[in-house]
Amino acid sequence: MEATEEGQQHPIGIYLKIWFLLFVLSTLSYMVDVLGFESYLRWGLILLFMFLKAGFIVGIFMHMAWERLALACAILTPPGAILVLIALMTLESDYVNFTRSVFFAT
Amino acid sequence: MTDAVLAQGLPGIVDDWSADKQTFQVHWGKAMMWIFLLSDTFIFSCFVTSYMSVRSATTVPWPDPSEVFALTIFGQHMPLILIAIMTFILISSSGTMAMAVNFGYRKDRKTTALLMLATAAFGATFVSMQVFEWSKLIAEGVRPWSNPMGAPQFGACFFMITGFHGAHVSIGVIYLLTVAFKVWRGDFEKSGSYVSVEIAGLYWHFVDLVWVFIFALFYLW
């Protein structure tokens, strides 16, 4: 189905299916907490469910899956720059944590 | 839009960007909303990244969100239950909004307006629950600079991130009510274009999208 300026037309069923799927994924991520998973298993599952939910919302609810690639790339690639910020802040906070443990320990 | 067949995929990008014409083949309002949402993405990313750096830099134990946001309902201790309910409410509001956009393009004026009202009602419920959550935490002594459970940075992150998100939801409720009223009144009947509903929908889905990240990174981590 191609997007036009007049708007997109999809069967209503797809929204109900995604709605249901988002409920399931939210329940699963809540279960991660209830079941008390720890460490890398916990973080991995949280991130997995988070990105799946985000993908369905942007792709189907916001119709990005049907937009032209020029728009999708213009909107979806810039947030990749945030990874640089995250990397820099990880280094920085590791260092702050290190200096704090050195100076507060004594 | 011309009748010319547009190339798909990567050649499509080259076509859209290189020709001396409009780049994005969508209504301008939709393109501008997407660009606004992109800028908003960076604002929320900065908040979440700063939360990440203060949390990993502190030497004091971080309060356990699972316990901080636990409630006792009917004598049953439920970890994080309020946040889970808020998540389901916001997802439901996204569902009704997606259907409102769909009915708008079918030119079903009444159903569109009613679905948008339902979305706004879910949004208002979400904000009320957030007010309850804030009052509870403030009563327990959580402040932006200190709290009785652990690392003082917890309060600063909590109030900043959820407050900014709550403001987005509140503004979204007002925005949705305005557009729903215009739909109901028949403002879009003459032009026959219900793209305003889709633009409002993009904003609303974004609010839900941000909550997905806050729920995962702040409440569950």
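Please read all numbers here as calculations on a predicted model, not as lab measurements.

Things to note about the overall build of chain B
(1) Moving on: Check the secondary structure of chain B and you find 7 helices and 2 strands.
(2) Moving on: When the elements of chain B are put in sequence order from the N terminus, they spell out α-α-α-β-β-α-α-α-α.
(3) Moving on: Reported as C-alpha extents along the three principal axes, the dimensions of chain B are approximately 65 × 40 × 25 Å.
(4) Moving on: Here chain B holds 221 residues, and the buried ones make up 37% of them.
(5) Moving on: The long-range fraction of contacts in chain B, counting pairs at least 24 apart against all pairs at least 6 apart in sequence, stands at 69%.

A closer look at the overall build of chain A
(1) Moving on: When its secondary structure is counted, chain A shows 4 helices and 0 strands.
(2) Moving on: Ordering the α and β elements of chain A from the N terminus gives α-α-α-α.
(3) Moving on: At 20 Å, chain A has a C-alpha radius of gyration far larger than the 13 Å of a compact globule built from 106 residues.
(4) Moving on: Summarising its shape, the C-alpha atoms of chain A cover approximately 70 × 35 × 15 Å along the three principal directions.

Description of the packing of helix 1 (residues 12-34) of chain A against helix 2 (residues 39-61) of chain A
All names here are of chain A.
(1) Moving on: Across the interface, helix 1 lies against helix 2 with an axial gap of 10 Å and an inter-helix angle of 165°. Of the possible angle classes, the one that applies to helix 1 and helix 2 is roughly antiparallel. Crossing of helix 1 over helix 2 shows left-handed handedness. Two secondary-structure elements touch here, helix 1 through I14, I18, L21, L22, L25, L28, S29 and V32 and helix 2 through R42, L45, I46, F49, L52, K53, F56, I60 and F61.
(2) Moving on: Here the residues of the contact of helix 1 with helix 2 are counted per class, giving 14 nonpolar, 1 polar and 2 charged.

Brief notes about the interface of chain B and chain A
(1) Moving on: Contact residues are listed per partner, giving 48 residues for chain B and 48 residues for chain A.
(2) Moving on: Those elements giving two or more residues to the side of chain B that touches chain A turn out to be helix 1 (9-18), helix 2 (28-57), helix 4 (81-105) and helix 7 (195-220) of chain B.
(3) Moving on: Across the side of chain B that touches chain A, the residue classes tally to 28 nonpolar, 17 polar and 3 charged.

What to know about helix 1 of chain A
(1) Moving on: Its 23 residues give helix 1 of chain A an end-to-end C-alpha distance of 33 Å, which sits within 8% of 33 Å, the value for a rise of 1.5 Å per residue.
(2) Moving on: Looking only at helix 1 of chain A, the buried set comprises Y15, I18, L22, S29, Y30, V32 and D33 of chain A.
(3) Moving on: Buried residues in helix 1 of chain A make contact with helix 2 of chain A together with helix 3 (65-68), helix 4 and helix 7 of chain B.
(4) Moving on: Downstream of helix 1 of chain A by one or two residues, G36 of chain A has phi in the positive range, about 70°.

A few points about the confidence of the model for chain B
(1) Moving on: Of all residues in chain B, 98% attain a pLDDT of 70 or more, and the chain-wide mean is 92.
(2) Moving on: For this predicted complex, the interface confidence score (ipTM) comes to 0.90, while the overall pTM stands at 0.91.

Some remarks on the nonpolar core
Soluble globular proteins tend to pack their nonpolar side chains together in the buried interior.
(1) Moving on: In terms of nonpolar packing, the biggest core is built from 71 residues, with A100, M116, L176, F215 and Y219 of chain B touching the most fellow members.
(2) Moving on: At the level of secondary structure, the elements contributing two or more residues to this core comprise helix 1, helix 2 and helix 3 (69-76) of chain A together with helix 2, helix 4, helix 5 (109-139), helix 6 (153-185) and helix 7 of chain B.
(3) Moving on: In terms of residues, this core owes the most to one element, helix 7 of chain B, which gives 19 residues.
(4) Moving on: Each of domain 1 (1-67) and domain 2 (69-106) of chain A accounts for three or more of the residues forming this core.
(5) Moving on: Sequence-distant contacts of L176 of chain B, defined by excluding residues within four places in its chain, comprise M116, T119, A120, G123, A200 and W204 of chain B.

Looking at the packing of helix 6 of chain B against helix 7 of chain B
Residue and element names in this part refer to chain B.
(1) Moving on: One way to put it is that helix 6 packs onto helix 7 with a least axis distance of 10 Å and a crossing angle of 160°. What the angle tells us is that helix 6 and helix 7 run roughly antiparallel. Here helix 6 and helix 7 pass one another in a crossing that is left-handed. On the side of helix 6, the interface is formed by I161, T162, H165, H168, V169, G172, Y175, L176, V179 and V183, while helix 7 contributes S196, V197, A200, Y203, W204, V207, V210, W211, I214 and F218.
(2) Moving on: The residue inventory of the contact of helix 6 with helix 7, partitioned by class, reads 15 nonpolar, 5 polar and no charged.

Definitions and cut-offs
- Residues numbered from 1 in each chain as written.
- Chains lettered and ligands numbered in written order.
- Predicted model: local features only at pLDDT ≥ 70, side-chain atom pairs only at ≥ 80, totals over all residues.
- Helix = DSSP H or I, 4+ residues; strand = E, 2+ residues; numbered from the N terminus.
- Buried ≥ 20, exposed ≤ 12 C-beta atoms within 10 Å, placed from the backbone.
- Contact = placed C-beta atoms within 7 Å.
- Rg over C-alpha atoms; globule rule 2.2 N^0.38 Å.
- Axes fitted to C-alpha atoms, helices over the stretch in contact; angles between N-to-C directions.
- Parallel < 35°, antiparallel > 145°, perpendicular 65-115°, else oblique.
- Left-handed = near helix turned anticlockwise from the far one by under 90°.
- Nonpolar A, V, L, I, M, F, W, Y, C, P; charged D, E, K, R; others polar.
- Expected span 1.5 Å × (residues − 1).
- pLDDT = per-residue confidence, 0-100.
- Core = buried A, V, L, I, M, F, W, Y, C linked by C-beta atoms within 7 Å.
- Domains from an automatic or database assignment.

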